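Single-letter residue listing:
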Amino acid sequence: WSCLVTCAVKAKDLTRAAAALELLDIEAGAVGAARASMYATVLEGCLAQGEVGLALGLCFHTYTRGTNDEGPRGFLSTDLLRRVFDCVGSKGGHQTEATDTLVALRPFIGEQACASLEE
């Protein structure tokens, strides 16, 4: 899975990379740090290509599709989340999606992290 995701990102085919992540989640192909690492790889590609909408959707799916036993190792770094939400501020046009994503992430990342991302 990791090679497939990485190759899709390197080929700048983020739609295919996101589809691979969806299949990964359906098949329960990876959990914990390995799953978070693959999501982070695609998110980095989204940031590099300015694909803010896709990045927000992936942030949402990272948390909502995860298994209950993943714990904090299955989550994205606060730094990566900040860069995604900073990109929303600089690119504009995705404010509603960003707000909806923050509402969905709040139970997973907590009030303090959400407040810092809202700035």
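Just so you know, these numbers come straight off a predicted model, no measurement behind them.

A.B. asks: What is the right way to read the nonpolar core from this model?
C.D. replies: Nonpolar side chains tend to gather and get buried jointly when the protein is soluble and globular. The biggest cluster of nonpolar side chains holds 36 residues, and the ones touching the most others in it are L21, V42, L43, L58, L76, L81 and I109. Contributing elements (two or more residues each) for this core: α1 (2-10), α2 (14-27), α3 (32-49), α4 (52-64), α5 (78-91) and α6 (95-118). The dominant element in this core, judged by the number of residues it contributes, is α6, at seven residues. Beyond its immediate chain neighbours, meaning those up to four positions away, L21 contacts V5, M38, Y39, V42 and L58.

A.B. asks: Is there a simple way to think about the layout of surface pockets in this case?
C.D. replies: Rolled over the atoms, a probe sized like a water molecule indicates the empty space that remains. Each pocket or cavity is described by its volume, and for the largest pocket that value is around 200 Å³. F85, Q95, A98, L117 and E118 are the residues nearest the centre of the largest pocket, which is lined by 13 residues in total. In terms of residue count, the dominant contributor to the lining of the largest pocket is α6 (eight residues). Taken together, the residues of the lining of the largest pocket sort by class into six nonpolar, three polar and four charged.

A.B. asks: Can you walk me through the pattern of salt bridges in this structure?
C.D. replies: Working definition: two side chains of opposite charge can pair if their charged atoms are close together. Enumeration over the complete set of coordinates arrives at six salt bridges. R35 is the partner of D25 in a salt bridge, and the nearest nitrogen-oxygen pair spans 2.8 Å. Highlighted residues: D25 in helix α2 and R35 in helix α3, separated in sequence by 10 residues. The salt bridge involving R83 is made with E44; its shortest N-O contact spans 2.6 Å. Linking R83 in helix α5 with E44 in helix α3, this pair joins segments that are 39 residues apart in sequence. One network of salt bridges, with partners in common, ties together E44, D79 and R83.

Conventions adopted
- Residues numbered from 1 in each chain as written.
- Predicted model: local features only at pLDDT ≥ 70, side-chain atom pairs only at ≥ 80, totals over all residues.
- Heavy atoms only, no water.
- Core = buried A, V, L, I, M, F, W, Y, C linked by side-chain atoms within 4.5 Å.
- Buried < 20%, exposed > 50% of the residue type's maximum accessible area, 1.4 Å probe, protein only.
- Helix = DSSP H or I, 4+ residues; strand = E, 2+ residues; numbered from the N terminus.
- Contact = heavy atoms within 4.5 Å.
- 1 Å grid on protein atoms, 1.4 Å probe; cavity = no way out; pocket = protein on both sides within 12 Å on 5 of 7 lines; lining within 4 Å.
- Points joined across faces, edges and corners; volume = space filled by probe spheres on them.
- Nonpolar A, V, L, I, M, F, W, Y, C, P; charged D, E, K, R; others polar.
- Salt bridge = Lys/Arg side-chain N within 4 Å of Asp/Glu carboxyl O.

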